[in-house]
Amino acid sequence: MGVKRVEAKSNKAGQKKAGDDIMTIAPRKQKILAAVIESYIENGEPVGSKSLTDIKGLNVSSATIRNELADLTLRGFLIQPHTSAGRVPTQEGYRYYVDNLIKAEEPEERVKRYIETRLESSCDAPELVLKTAGEILSDLLGTAAIATTPSGDGARVHRLKFVQTGRYTSMAVLITSSGMVKSRLFRCDFAVTPEMLNVFDRSLNEALAGRPLNTVNQPFAQTFAASFGELGLLMPDMLTAVMDACEEASGINVYTSGATRLLYRSDIDIVSARNILEFLGDDGETEKLLSNLPEGTNIYIGRENPSPLLRKSSLISAGYNIENQPAGVLAVISSMRTDYRKAVSILEFTGRTVSEMISELVRKG
């Protein structure tokens, strides 16, 4: 299984440089570049020619490797911090590596079981599935993770349920066509009876089933209550609760996990960590960025990132579907020195599992 989609938005100069070299970089250079990047990802130390002589299938001298490293440096894929140091990848080096030298793999079976088991323990509601998915990604990849709920645009009322919580209080539970569940408590000036809730349940579901969420508004409530004559006088609080639930379900919620992990990573400096935390602290900006990502799997590296606050970081995302329709996004934010192969494989598998579980919840409705 390969990376389904990688979105590259480098600055024009960097993108042109890497793009010009894609057709001319020889297989031997590709092996050396991949070895440098993978060693640097693992150890965080500049990579010298001597450490590359054991590359499987290379069979060349350290002098030849030094020449190849010099050429890769000249092309802009590597940089040498100082004359006697080894090489480290540039943003263009990481981009070439991601686009050409890795293929996403299935996670190990034990990792799959871990993901499935944790998600199954939280499969009572789509929101809980998504929150747990973010926690899983943060735990497995050791960085900040994000999950977004499906957009309410175009969503419809699937089902309403009313639950009595006290003599004068009840709860309206909304289930949308996208599987989201929202609830609102409401209080009445009269004693609530099961018979009355049955009337609310039957009449509201007849009127609202399949209705777009954004049309469950004040004019609708007034018209609906008026159609019940004197009984409509008992409905204002109940209808307000239903309208509030529909309004909340119309938006996108952003769930963030593991943000504080950024402060303890040696590969993320304090300024970058502060910038990422600032980005994650603005739900509106985070939701806007993730909602505008192309479908599928995307990897933004450094300056490619849409947000200036992430220009020294990597954003890796994978979408999830509900009933075969694009619904939301799972993502992680880390340093550019991140294990892209591992991140993509875990994100995509988690996304597929989330898709299956939420779709099943929607069908059960």
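Note that the coordinates shown come from a computational prediction; the quantities given were computed from them, not determined experimentally. (Residues numbered from 1 in each chain as written. Predicted model: local features only at pLDDT ≥ 70, side-chain atom pairs only at ≥ 80, totals over all residues. Heavy atoms only, no water.)

**Looking at a nonpolar patch on the surface**
Judged by side-chain polarity, Leu263, Tyr264, Ile270 and Val271 come together as a nonpolar surface patch covering roughly 470 Å² of accessible area. Note that isoleucine 270 resides in helix 10 (residues 270-280). Taking the relative accessible area as the measure of exposure, isoleucine 270 reaches 62% and is therefore exposed. (Patch = residues over 30% accessible without salt bridge, like charges linked within 9 Å, V, L, I, M, F, W, Y side chains within 5 Å. Areas by Shrake-Rupley, 256 points an atom, 1.4 Å probe, with all protein chains shown as cover. Salt bridge = Lys/Arg side-chain N within 4 Å of Asp/Glu carboxyl O. Helix = DSSP H or I, 4+ residues; strand = E, 2+ residues; numbered from the N terminus. Buried < 20%, exposed > 50% of the residue type's maximum accessible area, 1.4 Å probe, protein only.)

**Details of the environment of isoleucine 136**
Within the secondary structure, isoleucine 136 is located in helix 6 (residues 126-141). Taking the C-alpha atoms as reference points, isoleucine 136 and isoleucine 25, 111 residues apart in sequence, are found 38 Å from one another. Setting aside residues up to four positions removed in sequence, isoleucine 136 forms contacts with Tyr114, Ile115, Arg118 and Leu119. (Contact = heavy atoms within 4.5 Å.)

**Topic: the sheet that holds strand 7 (residues 254-257)**
Read across the sheet, five strands follow the order 7-3-10-9-8 without closing on themselves; strand pairing throughout is antiparallel. Only two strands of the sheet have a single partner each, and these edge strands are strand 7 and strand 8 (297-301). Strand-to-strand, the axes of this sheet are offset by a mean angle of 15°, without reference to chain direction. Pairing geometry for strand 8 and strand 9 (residues 313-322), over five bridges, is antiparallel. Looking at strand 9, one finds that tyrosine 300 is bridged to leucine 315. Where helix 6 meets the sheet, it contacts strand 3 (144-148), strand 7, strand 9 and strand 10 (325-335), and its direction lies at approximately 30° from that of strand 7. Contacting strand 3, strand 7, strand 9 and strand 10, helix 10 runs over the sheet at an angle of about 155° to strand 10. (Pairing = 2+ DSSP bridges. Axes fitted to C-alpha atoms, helices over the stretch in contact; angles between N-to-C directions.)

**Observations regarding a negative patch on the surface**
Together, Glu278, Asp282, Asp283 and Glu285 give the surface a local cluster of negative charge. With respect to the helices and strands, aspartate 283 occurs in helix 11 (residues 283-291). Residue classification places aspartate 283 among the partly exposed residues on the basis of a relative accessible area of 42%. (Lys, Arg positive; Asp, Glu negative; His and termini not counted. Charge placed at Lys NZ, Arg CZ, Asp CG, Glu CD.)

**Points about the packing of aromatic side chains**
Each aromatic ring pair is characterised by the separation of its centres together with the angle its planes make. Across all of its chains, the model carries five aromatic pairs by this definition. The interplanar angle of 55° and the centroid separation of 5.9 Å between the aromatic rings of tyrosine 94 and tyrosine 340 together place this pair among those described as tilted. Pair noted here: tyrosine 94 is in helix 4 (residues 91-101) and tyrosine 340 is in helix 12 (residues 340-364), with a separation of 246 residues, a long-range link. On the accessibility criterion, tyrosine 340 (0% relative accessible area) is buried. Measuring from centroid to centroid gives 6.3 Å for phenylalanine 162 and phenylalanine 186, while their planes differ by 85°, and the two rings are edge-to-face. Placement of the pair is phenylalanine 162 in strand 4 (residues 157-164) and phenylalanine 186 in strand 6 (residues 181-187), with a sequence separation of 24 residues. Both residues of the pair, phenylalanine 162 and phenylalanine 186, count as buried. Over the aromatic face of tyrosine 40 sits the side chain of arginine 337, whose NZ or CZ is 5.8 Å from the ring centroid. (Phe/Tyr/Trp six-rings, centres within 6.5 Å; stacked < 30°, edge-to-face > 60°. Lys NZ or Arg CZ within 6 Å of the ring centre and 35° of its normal.)

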